[in-house]
Amino acid sequence: RNLAATFNLNSDCRQMSAPNYQNRPLSNIETQGRLPLFYGSLFPWDLFYSWLSYGDEKYWNRREFSYEKNKIVTRHYSYSDMEEFKQDIQSRLPHKLDIGAIYNHPPKNKNRVKDFRPLEKELVFDIDATDYNDVIINPEDTEYLTKRTWYLMAIAAQVLDDILRTEFGFEHILYVFSGRRGIHAWICDERARKLSAYERKCIGEFLGVVSETTGQSNKFSLEQNLHPTFRRVYDNILATSFEQFVILEQGLFDNPHHVQNILSFVPIPAVKDSIQKAWETISDPIEKWNIYKEIVNERIMQLHNPQYRTVKMANPIHSVIFTYLYPRLDIEVTRQTHHLLKSPFACHPSTGII
């Protein structure tokens with residue numbers, strides 16, 4: 001079916017392709033009926049093998065693959081070469097194909113060896129739009145990704161790409177639509193594949209500014225400047241994207257719930273009252289946002305006064321923008337080398353979409 005999303009990170013977010021569900025996802029029966037054609041004529045076997053073997057057959061035959069069919073998951077398959085893999089897939093016709101780590105022994109022999117452990121795996125990130133439901137303005141957009149909500153994934157990819165390349169020097173990065181409501185990032189550099197679980201955890205925690213479960217950004221305080229990494233993505237990507245997508249396209253100020261939400265980031269009642277009073281005679285949404293920023297910034301400067309010294313609060317402007325736009329990462333997917341991730345070029349079992 002559709003190769004639903006490709007990224008051109010040098011373009012504006014508007015130019016990034018949104019998922020095309022063609023009115024509805026496929027049922028399991030429809031998906032099953034199309035799998036012979038897909039695996040017989042469309043799956044990119046040579047490209048897939050070239051990627052996961054990295055020019056060395058030992059990587060391929062020690063790589064774990066996992067399948068799901070009729071909601072039953074089976075793990076620890078491995079193959080001596082691409083032809084064996086292709087024949088098995090075309091025979092099984094799995095609804096879902098997952099990729100695991102490279103082990104010290106072929107995974108199919110795991111019960112025959114005593115010391116079976118993962119050695120390498122791509123550094124991966126999983127971003128699911130479901131984790132953004134608290135900041136999606138239109139409730140009808142919470143079941144599937146739509147053109148109205150694709151900006152969340154596009155901006156997440158831009159932020160990740162900036163940090164991974166600039167701060168960590170990674171070069172070989174693949175962004176893939178998950179097939180339903182998210183994107184996966186595969187960092188394939190050799191040193192990324194050889195990271196320990198602890199190193200993956202550190203990278204994930206550094207990037208994990210916003211919790212994927214609570215949606216709250218608690219990393220920034222008024223007494224500290226933004227870390228240079230986050231200041232750069234804030235200035236270059238997040239601040240302007242917030243105005244363009246959240247305020248103008250999504251209509252934040254037309255939604256009373258989200259108006260109250262951004263006000264809730266201001267913990268001082270007097271400041272909140274000043275903002276609301278200034279809004280009474282203004283209808284332009286960008287002007288309302290500028291007033292929010294102006295009043296908050298004025299009061300931030302007053303924090304040096306004795307009456308404010310006992311007040312501990314994050315910068316409301318940073319908190320709002322990071323909460324609405326910054327990538328929400330599932331750190332456990334990143335940290336654990338034995339964690340499976342859905343394969344690129346395979347269909348999603350719930351939608352039948354590539």
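Since the structure is predicted, the reported quantities are computational estimates derived from the model, not experimental observations.

Describe the overall build of the chain, naming the residues involved and giving the relevant values.
Across its full length, the chain holds 13 helices and 8 strands. Counting every position in the chain, which comprises 354 residues, the buried fraction comes to 53%. The long-range fraction of contacts in the chain, counting pairs at least 24 apart against all pairs at least 6 apart in sequence, stands at 70%. Here the chain has roughly 16,600 Å² of accessible surface; of this, 47% comes from carbon and sulfur atoms.

I'd love a proper account of the confidence of the model for the chain, names of residues and values included.
With 83% of its residues at a pLDDT of 70 or more, the chain has an overall mean of 85. The least confident element of the chain, judged by mean pLDDT, is helix α1 (residues 28-42) at 81; the most confident is helix α6 (residues 190-193) at 97. Here residues 1-14 is a poorly scored stretch, pLDDT under 50, and it has 50 contacts once near neighbours within four places are set aside; other chains count. Segment residues 217-223: pLDDT under 50, and 23 contacts once partners within four positions in sequence are set aside and those in other chains are kept.

Which residues make up helix α5 (residues 150-166), and what values do they have?
Taking 1.5 Å per residue, 17 residues should reach 24 Å; α5 reaches 24 Å between its end C-alpha atoms and fits that length. In terms of burial, α5 is a largely internal element, 15 of the 17 residues being buried.

Describe in detail the environment of Val233, supporting the description with residues and values.
Within the secondary structure layout, Val233 lies in helix α8 (residues 228-249). It is 7.4 Å that separates the C-alpha atoms of Val233 and Asp162, two residues lying 71 residues apart in sequence. Setting aside its immediate chain neighbours within four residues, Val233 contacts Val159, Asp162, Ile163 and Leu238.

Explain the nonpolar core to me, using residue names and the numbers behind them.
As a rule of thumb, nonpolar side chains are buried together in soluble globular proteins. Counting 73 residues, the largest nonpolar core has Phe125, Leu238, Phe242, Tyr292, Tyr324 and Tyr326 as the members making the most contacts within it. Among the elements that make up this core, the one with the highest residue count is α5 (12 residues). Contacts of Leu238, omitting those with residues within four sequence positions, involve Ile155, Val159, Val233, Ile321, Phe322, Leu325 and Tyr326. If you look at the next biggest cluster of nonpolar residues, it comprises 28 residues, including Tyr39, Trp51, Tyr67 and Trp186.

An account of the packing of α5 against α8 is requested, with residue identities and associated values reported.
Running from N to C, α5 and α8 cross one another at 165°; their axes reach a closest spacing of 10 Å. Here α5 lies roughly antiparallel to α8, going by the angle between them. Judged by the sense of rotation from one axis to the other, the crossing of α5 with α8 is right-handed. Facing α5, whose interface residues are Tyr151, Ile155, Gln158, Val159, Asp162, Ile163 and Thr166, α8 presents Thr229, Phe230, Arg232, Val233, Ile237, Leu238, Ser241, Phe245 and Val246. In terms of residue class, the contact of α5 with α8 is made up of 10 nonpolar, 4 polar and 2 charged.

Definitions and limits used
- Residues numbered from 1 in each chain as written.
- Predicted model: local features only at pLDDT ≥ 70, side-chain atom pairs only at ≥ 80, totals over all residues.
- Heavy atoms only, no water.
- Helix = DSSP H or I, 4+ residues; strand = E, 2+ residues; numbered from the N terminus.
- Buried < 20%, exposed > 50% of the residue type's maximum accessible area, 1.4 Å probe, protein only.
- Contact = heavy atoms within 4.5 Å.
- Areas by Shrake-Rupley, 256 points an atom, 1.4 Å probe, with all protein chains shown as cover.
- pLDDT = per-residue confidence, 0-100.
- Expected span 1.5 Å × (residues − 1).
- Core = buried A, V, L, I, M, F, W, Y, C linked by side-chain atoms within 4.5 Å.
- Axes fitted to C-alpha atoms, helices over the stretch in contact; angles between N-to-C directions.
- Parallel < 35°, antiparallel > 145°, perpendicular 65-115°, else oblique.
- Left-handed = near helix turned anticlockwise from the far one by under 90°.
- Nonpolar A, V, L, I, M, F, W, Y, C, P; charged D, E, K, R; others polar.

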